[in-house]
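In case you want the letters, here they are:
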Amino acid sequence: MKPIIVMGADHAGWRMKEFLKEKLQEEGYTVADKGTDSEVSADSHDYAVAVGEEVAAAQDKLGILICGTGIGMSMSANKVNGIRASLVSDLFSAQMTREHNAANVLCMGARVIANQMAWEITKVWLASEPLGGKYAKRVTKMMDYEKTRI
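Residues numbered from 1 in each chain as written. Predicted model: local features only at pLDDT ≥ 70, side-chain atom pairs only at ≥ 80, totals over all residues. Heavy atoms only, no water.

Caption draft 1: Examining the side chain of S44 more closely. As for its placement among the helices and strands, S44 is situated in helix α2 (residues 44–56). Among the residues examined, S44 registers a relative accessible area of 17% and is labelled buried. With residues up to four places along the chain from it excluded, the contact list for S44 reads D10, C67, G72 and M73. (Helix = DSSP H or I, 4+ residues; strand = E, 2+ residues; numbered from the N terminus. Buried < 20%, exposed > 50% of the residue type's maximum accessible area, 1.4 Å probe, protein only. Contact = heavy atoms within 4.5 Å.)

Caption draft 2: Geometry of the packing of aromatic side chains. Counting across every chain of the model gives 0 aromatic pairs. It is K2 that lies over the ring of Y29; its NZ or CZ is 4.6 Å from the centre. The ring of W125 carries the charged tip of R98 above its face, separated from the ring centre by 5.4 Å. (Phe/Tyr/Trp six-rings, centres within 6.5 Å; stacked < 30°, edge-to-face > 60°. Lys NZ or Arg CZ within 6 Å of the ring centre and 35° of its normal.)

Caption draft 3: Structural view of the packing of helix α1 (residues 14–26) against helix α5 (residues 115–127). Contact geometry of α1 with α5 gives a least axis separation of 10 Å together with a crossing angle of 50°. The angle between the axes of α1 and α5 places the two elements in the oblique class. As for the relative orientation of α1 and α5, their crossing is right-handed in sense. Touching M16, F19, L20, K23 and L24 of α1 are N115, Q116, A118, W119, T122 and L126, all from α5. Of the residues in the contact of α1 with α5, the class split is 7 nonpolar, 3 polar and 1 charged. (Axes fitted to C-alpha atoms, helices over the stretch in contact; angles between N-to-C directions. Parallel < 35°, antiparallel > 145°, perpendicular 65-115°, else oblique. Left-handed = near helix turned anticlockwise from the far one by under 90°. Nonpolar A, V, L, I, M, F, W, Y, C, P; charged D, E, K, R; others polar.)

Caption draft 4: Representation of the packing of helix α4 (residues 91–99) against α5 in the model. For the pair α4 and α5, interaxial distance at closest approach is 8 Å and the crossing angle is 30°. Taken as axis vectors, α4 and α5 run roughly parallel relative to one another. In terms of crossing hand, the pair formed by α4 and α5 is right-handed. Facing α4, whose interface residues are L91, A94, Q95, T97 and R98, α5 presents M117, E120, I121, V124 and W125. Partitioning the contact of α4 with α5 into residue classes produces 6 nonpolar, 2 polar and 2 charged.

Spelled out as structure tokens, the structure:
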């Protein structure tokens, strides 16, 4: 069963989000769009938190966040407990971040990569699965540390 994809973008990432949303829906994914809905200036943090909270609350959801560089989105999303957001701009990292780090949110920069590359990254990321084993142990360490922070 395909995960529900929760998406968010600021003004800089809005066009790419719309492009990816259409592609994902064509592939049979259910997409929950948390905004924004235009190129009017918007704070990436608001969308990162909205996506992060929804993904963290459900096992059947993964997130995709897009801003100009992807940096702000990844930093803000990683403030949400339970989120492992990774900034990705190449296919190898897309695979590794899912397999080795069990990333549950993919972040990309619309001013860094083209829409078609973002789609290729998204396909690789969604096709990859956490490997478990020693990698699961490392992810557990990361998440256990998160629980110790105030």
